[in-house]
Amino acid sequence: MSDIIQLLPDHVANQIAAGEVVQRPASVVKELIENAIDAGATSITLLLKDAGKTLIQVIDDGKGMSPTDARLSFERHATSKIKDAQDLFNLNTKGFRGEALASIAAIAHVELKTKQEEDELGTQIKIEGSEIVSQEVVSTAKGTSIAVKNLFFNIPARRNFLKSDTIETRHIIDEFQRVALAHPNITFLLHHNNNEVYHLKKSNLRKRIVAIFGTKMNEKLVPINEQTDIITVNGFVAKPEFAKKKRGEQFFFVNNRFIKSSYLNHAVVNAFEGLLEGGAHPSYFLYLEVPPNTIDINIHPTKTEIKFDNEKALYAILRATVKHSLGQYNVAPVLDFDRDSTLDTPYDYSKKSGSSIPPITVDPTFNPFKTETSYKEPSTNGSSKSVNTHSYQSNFKKDTGSWEALYTNIDIVEPIQQEQLFETQQETETGKTFQIQKKYLLSSIKSGVVLIHQSLAHQRVLYEEFLENITVKEASSQQLLFPVNISFSSSDIEMIYSIKSDLESAGFMFDEFTKESVVIAGIPTSITESQITLILEQLLDDIKLEVPDTSFSHFDVMAKSFAKSLAIKTGTSLNMKEQENLVNNLFSCKEPTISPFGKPTFKTLSLNEIDAIFNK
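Keep in mind the model is a prediction, meaning the values are calculated, not measured. (Residues numbered from 1 in each chain as written. Predicted model: local features only at pLDDT ≥ 70, side-chain atom pairs only at ≥ 80, totals over all residues. Heavy atoms only, no water.)

Scanning the chain from terminus to terminus reveals 17 helices and 26 strands. Taking all 616 residues of the chain together, the buried fraction comes to 43%. Contacts spanning at least 24 positions in sequence make up 66% of the contacts within the chain whose residues lie at least 6 apart. Surface exposure of the chain reaches about 34800 Å², of which carbon and sulfur atoms provide 51%. (Helix = DSSP H or I, 4+ residues; strand = E, 2+ residues; numbered from the N terminus. Buried < 20%, exposed > 50% of the residue type's maximum accessible area, 1.4 Å probe, protein only. Contact = heavy atoms within 4.5 Å. Areas by Shrake-Rupley, 256 points an atom, 1.4 Å probe, with all protein chains shown as cover.)

Shown next as structure tokens:
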């Protein structure tokens, strides 16, 4: 047989590497910004067009490159960060593999301009799909400017896998925030489609967090500071009352590198034990400094996972540090044996006299174990007669199967008994709907019974209503008497602005957009003013979590978010009319069997299934 194994051409190898290094525009942003930081930049500008699909440009004022280095930087495994394998365990830079630029150049049009401070002129290199088109001498500022255009131009299949501009922008902003939080001593600018999203000036860590997440974040932060022989922990956690339902604002940095660690996250959550409501997640910005030789970064292509030498010790220190800070700043409850002055007798009452002990009356004939208790029922002539409360047992009519004479003297039955008897009667009436544990509705049908999840059913009803109003009918809007000003972070404002036209189609009316707030002048008629913030926050969360795009843009996402936000919740009591309306509306839907998120809305039990339960 002839030989069949062969070396792949460089451009093919680069495209394979690009599959790991460059998954989406956000991957390019991360690699280019980290290169700028490694070059010693004090100011970094990121320019985007069409969520990075058309243009990603990073401009820095770092040390720049010589003509030879500029050309060599696009070769695979060409790097200035390490020299031998031992350096992998003593890393002080963001990059070290030498794959990023080669991978990016293999799937895009790249234009590089760079100049060192001591040189009069710089170098310009243009590359298209790994092929160098030109290399020229140009006049440029100190540092490096690298523009990546038409990403995945030669791999259309990969380009088709990209999400909508809104979601891709969200991923880019996430990467930008992570790098900006790790380096508050560097100035960062972010422009998207010629709109300024962030202008983060050089500052301290607290100011950087507030600049990214909005001024309201300042009041939420609790400082964390601990230094030991094996680790130094700094940063902030948010107060428990500001915990969120989604895991959004959770950041770990190890030696100024963003990482993901479910193990360390568990340590922080454990420190909040007893302080959080069910399902809530604490926000934190924690910076860990450890000796470089005690961690291994080279275990994942994105370098967001790290192996620690002494994980258990780090867990214990982190948990204790967070718990200590929560107690130190009076966030967590602490034992206090001091006298509480608020419980003292008020000054005005200290000399008051005439107080008397309240009388206590005891019924000496009361017997809790007595089987029969008589009550006096007032009669029309002023006299009274005794009624035996347990005589209700004889009131059941076997022929009709009902408690016919049960409520003749309901006014004298004890409140607890009255409630129980009322529920019994309600359950035995056929054709009626009634509520179970304020969570389910039970309704009888000819073939048996149907058990309905009230919240999921209402989600389906609202979802179809909203979707019809947005896509089929012309959405009706109500003008607000006083416009509502709502504060968001800069990235959230950018996201709302990007779906502004879709929101307007749904019935929202906007007056003004600023960097940290949006003014709303009108809302859909189906919602109230108090629900605006809840709905918009839910919508942003759904977009961040990559709710899949549909053929009609964000309309489906919006309808799902509106339905989730406004649906009746578990624990809500419904009267008989509300129960019947919900059941009727559910079975009038086009798809009543599942909620907008794919969960079953009801379960039918036939008489045969019910009989089988009792005949086992």
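Tallied over the entire structure, the rule returns 9 salt bridges. Note that Lys53 and Asp165 form a salt bridge whose closest N and O atoms lie 2.9 Å from each other. Here Lys53 is found in the loop between strand 1 (43–49) and strand 2 (55–60), whereas its partner Asp165 is found in helix 6 (residues 165–182), with 112 residues between them in sequence. Overall, Lys53 belongs to the buried group, its relative accessible area being 15%. Take Asp165: its relative accessible area is 33%, and that puts it in the partly exposed class. In this structure, Asp174 engages Arg170 in a salt bridge whose closest nitrogen and oxygen atoms are separated by 2.8 Å. One end of the pair, Asp174, and the other, Arg170, are both in helix 6, 4 residues apart, so they sit about a helical turn from each other. Exposure remark for Asp174: the relative accessible area of 22% places this residue in the partly exposed category. We classify Arg170 as buried; its relative accessible area is 6%. By sharing partners, the salt bridges in this structure join Arg170, Asp174 and Asp492 into a single network. (Salt bridge = Lys/Arg side-chain N within 4 Å of Asp/Glu carboxyl O.)

Let us look at the pairing of strand 7 (residues 187–192). Judged by how many residues are buried, strand 7 sits mostly within the fold: 5 of 6 residues are covered. Pairing between strand 1 and strand 7: 6 bridges, direction parallel. Note that in strand 7 the partner of Ile44 across the bridge is Phe188. Two strands pair when backbone bridges link them, and strand 7 and strand 8 (residues 195–200) are joined in this way by 5 bridges, in the antiparallel orientation. By the bridge assignment for strand 8, Leu190 is matched with Tyr198. (Pairing = 2+ DSSP bridges.)

Here we come to the sheet that holds strand 25 (residues 517–524). Strand order in this open sheet of 3 strands is 23-25-24, and the pairing throughout is antiparallel. For this open sheet the edge positions go to strand 23 (477–487) and strand 24 (509–513), each flanked by a neighbour on one side alone. With strand direction ignored, the average angle separating the axes of adjacent strands in the sheet is 15°. Pairing geometry for strand 23 and strand 25, over 7 bridges, is antiparallel. Bridge assignment links Gln479 to a residue of strand 25, and that residue is Gly522. (Axes fitted to C-alpha atoms, helices over the stretch in contact; angles between N-to-C directions.)

The next point concerns the pairing of strand 13 (residues 284–289). For strand 13, the tally of buried residues reaches 5 of 6 residues, placing the bulk of the element in the interior. Of the strand pairs in this sheet, strand 10 (residues 232–238) and strand 13 are connected by 6 bridges, and their pairing is antiparallel. In the sheet register, Phe236 faces strand 13, and the bridge partner there is Phe285. In terms of strand pairing, strand 11 (residues 250–254) meets strand 13 through 5 bridges, oriented parallel. Note that in strand 13 the partner of Val254 across the bridge is Leu288.

Within the secondary structure layout, Glu578 lies in helix 16 (residues 576–586). Sequence separation between Glu578 and Thr433 is 145 residues; the distance between their C-alpha atoms is 9.9 Å.

What follows is about the side chain of Arg178. Along the chain, Arg178 falls in helix 6. Given a relative accessible area of 17%, Arg178 falls into the buried group. With residues near it in sequence (within four places) discarded, Arg178 still touches Phe251, Phe253, Phe258 and Lys260.

Attention shifts here to the packing of aromatic side chains. Counting across every chain of the model gives 15 aromatic pairs. Ring centres of Phe176 and Phe188 lie 5.8 Å apart, and the angle between their planes is 85°; on these two criteria the pair is classed as edge-to-face. Of this pair, Phe176 sits in helix 6 while Phe188 is found in strand 7, placing the two residues 12 residues apart along the sequence. A residue is classified by how much of its surface remains accessible, and Phe176, at 2% relative accessible area, is buried. (Phe/Tyr/Trp six-rings, centres within 6.5 Å; stacked < 30°, edge-to-face > 60°.)

A word on the nonpolar core. Membership of the largest hydrophobic core comes to 58 residues, with the highest contact counts inside it found for Ile33, Leu46 and Phe188. Not counting residues within four places of it along the chain, the set of residues in contact with Leu46 comprises Val29, Ile33, Ile56, Gln57, Val58, Ile172, Phe176, Leu189, Leu190 and His191. (Core = buried A, V, L, I, M, F, W, Y, C linked by side-chain atoms within 4.5 Å.)

With that settled, consider the packing of helix 6 against helix 7 (residues 205–213). Between helix 6 and helix 7, the least distance of the axes is 9 Å, while the angle of their chain directions is 160°. Considering their axes alone, helix 6 and helix 7 lie roughly antiparallel with respect to each other. Taken as a pair, helix 6 and helix 7 cross one another with a handedness that is right-handed. Contacts between helix 6 and helix 7 involve Gln177, Ala180 and Leu181 on the former and, on the latter, Leu205, Arg208, Ile209, Ile212 and Phe213. Here the residues of the contact of helix 6 with helix 7 sort into 6 nonpolar, 1 polar and 1 charged. (Parallel < 35°, antiparallel > 145°, perpendicular 65-115°, else oblique. Left-handed = near helix turned anticlockwise from the far one by under 90°. Nonpolar A, V, L, I, M, F, W, Y, C, P; charged D, E, K, R; others polar.)

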